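Topology and contacts: notes
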Amino acid sequence: MENALSLLERMLSQHAGELRVEELLPGAPQHETPPQRALLLGSTQPHAPSCVVVGGIHGNERIGVDVVVAFLQTLLARLEWDDYLRAMLEAIRLVIVPIANPSGYVAGTRATAAGIDLMRNAPIDAPQAHWLAGGQRLSRHLPWYRGRAMAPENAALAELIERWTADSPITLSVDCHSGFGAVNRIWFPWAHRPDPMPHLAEIYALRTLFRQTYPHHIAYRIEPQCQHYMIHGDLWDYLYARSLARGRGPLLPLTLEMGSWLWVRKNPWQIFSRHGLFNPQVPHRRRRILRQHLVFLNFLLAATANAPAWLPRRRERDALHADACNYWRAHFEGGDEAADASRGTSRVAGGAASAAEAPPALPPKDERAA
Ligand SMILES: [Zn+2]
């Protein structure tokens, strides 16, 4: 099977007229590092709704890049014949960053060549982060290094996303990862604090929409990231908080965590392979994963385009927020050990969070897309 990098290069040359390419950071000779690139499809109007798809923030989680590139491949093939897709993309904008961490991708490392973990690097602190794995500034030679300033990869990514989404009435984003647990998860903010995000009602509505639309799809566990562990420097918390502060359309960021331990369980030998904990090693399994997540990515695109149809109305919002709090609280109390541990952490950190910082204010309701 063609690897993601050569497939990407081929698509860029074959669809030069269709794809708008922005080079965010230049490539480097070391390991033939490609540039950090954004690929844009659809509307250039500032007020268009936006959908953002990112892969390869952690360089060793290559399956995330594969999933994003496979999605792009399908879209480009459909644009050859699918007028409905073309019409949808006239109304919204799609921003794709297939390899957010090119130096880590080519070296097969989680961090960048400078040793920075891009998902611990944004200027946002957790009141009580997981020790070490929550982000550290002891040494760039240890994992989960936060760095001293925003890494160029993150600065470029944040600038790109804010430039293209600042005036969007709604932005849905998904960032593709692997390596956590045995089930597929979709995480939403917060990652740095344990309380509900201000747009919990919207996330709950999106979850309901997905489940009603695809009742037979593999179950994603959709849950707040802080349920598992709290971290410093989460880029999506940072961009979400900034979208709240702008007070226009919210950026609702999702993280797809593919449950890679399942692939190890089915093929135990792959644990001895260099990338085995994070990536499927058997071709048929890789193909299945590439098929599987297309459904969700296409769903997000359609949900972006049709946001007024599912975003909660003003009068429904408070009740839905309460339902969502109740739903995820029950989830916490489900009885499994991880949930119990998280609940304990949340209690302690909840006090710290409220003392340190009040939750960001909600955008005015009349400015939402609904
Ligand atoms: Zn990751």
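Before going into details, it helps to say that this report is about the structure given with it. Since we're looking at a predicted model, the values are computed, not measured. (Residues numbered from 1 in each chain as written. Predicted model: local features only at pLDDT ≥ 70, side-chain atom pairs only at ≥ 80, totals over all residues.)

**A look at the overall build of the protein chain**
Helix and strand counts for the protein chain stand at 12 helices and eight strands. Sequence-distant contacts, at least 24 apart, represent 82% of the contacts inside the protein chain between residues at least 6 apart. (Helix = DSSP H or I, 4+ residues; strand = E, 2+ residues; numbered from the N terminus. Contact = placed C-beta atoms within 7 Å.)

**Focus: the packing of helix H1 (residues 4-14) against helix H2 (residues 62-79)**
Packing of H1 against H2 leaves a shortest axis separation of 10 Å and a crossing angle of 30°. Comparing the axis directions of H1 and H2 gives the class roughly parallel. Crossing handedness for the pair H1 and H2: left-handed. Only Val65, Asp66, Val69, Leu72, Gln73 and Leu76 of H2 make contact with H1, whose side of the interface consists of Ala4, Leu7, Leu8 and Met11. (Axes fitted to C-alpha atoms, helices over the stretch in contact; angles between N-to-C directions. Parallel < 35°, antiparallel > 145°, perpendicular 65-115°, else oblique. Left-handed = near helix turned anticlockwise from the far one by under 90°.)

**Examining the nonpolar core**
Counting 86 residues, the largest nonpolar core has Val53, Val68 and Ile96 as the members making the most contacts within it. When residues of this core are assigned to their parent elements, the largest contribution, nine residues, is made by H2. Setting aside residues up to four positions removed in sequence, valine 68 forms contacts with Val53, Gly55, Ile96, Pro98 and Cys176. (Core = buried A, V, L, I, M, F, W, Y, C linked by C-beta atoms within 7 Å. Buried ≥ 20, exposed ≤ 12 C-beta atoms within 10 Å, placed from the backbone.)

**Section: the pairing of strand S8 (residues 251-258)**
By the criterion of burial, S8 is predominantly enclosed, with eight of the eight residues buried. Burial along S8 is two-sided: the residues Leu251, Pro253, Thr255 and Glu257 and Leu252, Leu254, Leu256 and Met258 are all buried. With three bridges joining them, strand S6 (residues 185-188) and S8 adopt antiparallel strand pairing. When the sheet's bridge partners are listed, tryptophan 187 is paired in S8 with threonine 255. (Pairing = 2+ DSSP bridges.)

**Description of H2**
The terminal C-alpha atoms of H2 lie 26 Å apart, and with 18 residues this matches the ideal 26 Å at 1.5 Å per residue to within 8%. For H2, the complete set of buried residues consists of Arg62, Ile63, Gly64, Val65, Asp66, Val67, Val68, Val69, Ala70, Phe71, Leu72 and Leu75. (Expected span 1.5 Å × (residues − 1).)

**Brief notes about the pairing of S6**
The pairing of S6 with strand S7 (residues 221-224) spans four bridges and is parallel. Paired with isoleucine 186 across the bridge in S7 is isoleucine 222. Read from S6 through helix H6 (residues 200-213) to S7, the crossover connection turns out right-handed. (Right-handed = clockwise from strand over helix to strand, strands pointing away.)

**What to know about unusual backbone geometry**
The residue after proline 189, namely tryptophan 190, is reached through a cis peptide bond having omega 0°. Along the polypeptide, tryptophan 190 turns up in the loop between S6 and H6. Unlike most non-glycine residues, histidine 31 shows phi in positive territory, near 55°. By the element assignment, histidine 31 lies in the loop between strand S1 (20-25) and strand S2 (36-42).

**Here's the deal with the packing of H2 against helix H9 (residues 283-305)**
The N-to-C vectors of H2 and H9 enclose an angle of 65°; their axes lie 9 Å apart at closest approach. You can see that H2 and H9 cross each other, and the crossing is right-handed. Every residue of H9 that contacts H2 at Ile63, Asp66, Val67, Ala70, Phe71 and Thr74 is listed here: Ile289, Leu290, His293, Leu294 and Leu297. The residue makeup of the contact of H2 with H9, split by class, is eight nonpolar, two polar and one charged. (Nonpolar A, V, L, I, M, F, W, Y, C, P; charged D, E, K, R; others polar.)

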